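Letter by letter, the chains look like this.
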Amino acid sequence: MTSKNIVVLISGRGTNLEALLNAAADERWEDTPGARVAAVISNRGDAAGLAIARKFGIPWHVVLHTEFGSRESFDEALARTVDRYAPALVVLAGFMRVLTPGFVRRYEGRLVNIHPSLLPLFPGLHTHRKALAAGVRVHGATVHFVSPDVDNGAIIAQAVVPVRPEDDEASLAARVLEEEHRLLPRAVKLVLEGRVRCENERVVLDRVGADELALLAP
Ligand code: GRF
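Residues numbered from 1 in each chain as written. Predicted model: local features only at pLDDT ≥ 70, side-chain atom pairs only at ≥ 80, totals over all residues. Heavy atoms only, no water.

## Let's talk about the sheet that holds strand 7 (residues 155–162)
Within the open sheet, the 8 strands sit side by side as 3-2-1-4-5-6-7-10. Their pairing is mixed. Two strands bound the open sheet, and with one partner strand each, they are strand 3 (60–62) and strand 10 (214–216). When the angles between neighbouring strand axes are averaged without regard to direction, this sheet yields 20°. As judged from the 3 bridges shared by strand 7 and strand 10, these two strands associate in the parallel manner. If you follow Ala159 over to strand 10, its bridge partner there is Leu215. Of the strands in this sheet, strand 1 (4–10), strand 2 (35–42), strand 4 (89–92), strand 5 (111–115), strand 6 (138–145), strand 7 and strand 10 touch helix 6 (residues 169–192), which is tilted by about 155° from strand 7. (Pairing = 2+ DSSP bridges. Helix = DSSP H or I, 4+ residues; strand = E, 2+ residues; numbered from the N terminus. Axes fitted to C-alpha atoms, helices over the stretch in contact; angles between N-to-C directions. Contact = heavy atoms within 4.5 Å.)

Shown next as structure tokens:
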């Protein structure tokens, strides 16, 4: 059985990590033999997601960005820790550091991120606030391959939620987060199975149904 190690990078609360761990423990992942979350790495010592890694018995590491003088030296240390697990896939799940082009190239085609908006709309921070300010009627989340440009890589899958007239930032964020937790495990599974690949910065599909790539919440 080929090992399909996943390394998850986090900075904070880790609910997407938890969704991935729950999905990987689920029987439906049995047709993805060897797939497992092999390690969790945080750039912050106080990330709540580390307790989730502990709860699931997953090896975890902290690589503090504050201990490095440059982005390059932090990314090199991060890569050394990631590479210990020879990952088939590296997942950014609320990892709040911009990665250097060198790091992104090293994991080209096996580095994915989840972003809380329907990219290319609302890259960067405060996506729910931006969606409300823009008056969009639908909002959502995107899983994409990471490219050197932040929040600009090839799109794998998206989840769409309605924006309701009574929404505030918190209610909208909660609705999107719920869908993130469905979206991320599905997208990760598709990539691990080789049914979604990134070639020349474009997504190539193999035996993938449209309903697997677009989740529409009522
Ligand atoms: C999520 O909204 C994710 O899309 C964004 O950061 C947040 C992380 O949340 N990149 P959590 O740490 O997974 O709970």
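So that's the structure; there's more coming.
## Description of the packing of helix 1 (residues 15–25) against helix 6
Close contact between helix 1 and helix 6 brings their axes to 9 Å; oriented N to C, the two are set at 50°. With respect to helix 6, the element helix 1 is oriented oblique. Between helix 1 and helix 6 lies a crossing whose hand is right-handed. Judged by residue contacts, Thr15, Asn16, Ala19, Leu20 and Ala23 of helix 1 engage Leu177, Glu180, His181, Leu184, Pro185 and Val188 from helix 6. Residue composition of the contact of helix 1 with helix 6, grouped by class: 7 nonpolar, 3 polar and 1 charged. (Parallel < 35°, antiparallel > 145°, perpendicular 65-115°, else oblique. Left-handed = near helix turned anticlockwise from the far one by under 90°. Nonpolar A, V, L, I, M, F, W, Y, C, P; charged D, E, K, R; others polar.)

## Details of the pattern of salt bridges
For the structure shown, the criterion picks out 11 salt bridges. For Asp83, the salt bridge is made with Arg106, and the minimal N-O distance between the two is 2.5 Å. Here Asp83 is found in helix 3 (residues 71–83), whereas its partner Arg106 is found in helix 4 (residues 101–106), with 23 residues between them in sequence. Owing to a relative accessible area of 30%, Asp83 belongs among the partly exposed residues under this scheme. The shortest N-O distance in the salt bridge between Glu179 and Arg182 comes to 2.5 Å. (Salt bridge = Lys/Arg side-chain N within 4 Å of Asp/Glu carboxyl O. Buried < 20%, exposed > 50% of the residue type's maximum accessible area, 1.4 Å probe, protein only.)

## A few points about helix 3
In this model, helix 3 (13 residues) spans 18 Å end to end at C-alpha, consistent with the 18 Å of a helix rising 1.5 Å per residue. Considered for burial, the residues of helix 3 that qualify are Phe74, Asp75, Ala77, Leu78, Ala79, Thr81 and Val82. Of the surrounding secondary structure, the elements contacted by the buried residues of helix 3 are strand 1, strand 2, strand 3, strand 4 and helix 4. (Expected span 1.5 Å × (residues − 1).)

## Points about the packing of aromatic side chains
What describes a pair of aromatic rings is the distance from one ring centre to the other and the angle between the planes of the rings. A full pass over the atoms with the stated rule returns 2 aromatic pairs. With 4.8 Å between their ring centres and 50° between their planes, Phe103 and Tyr107 make a pair best called tilted. Of the two residues examined, Phe103 and Tyr107, each falls in the buried class. Here the basic side chain of Arg97 rests over the ring of Phe74, its NZ or CZ set 5.9 Å away from the ring centre. (Phe/Tyr/Trp six-rings, centres within 6.5 Å; stacked < 30°, edge-to-face > 60°. Lys NZ or Arg CZ within 6 Å of the ring centre and 35° of its normal.)

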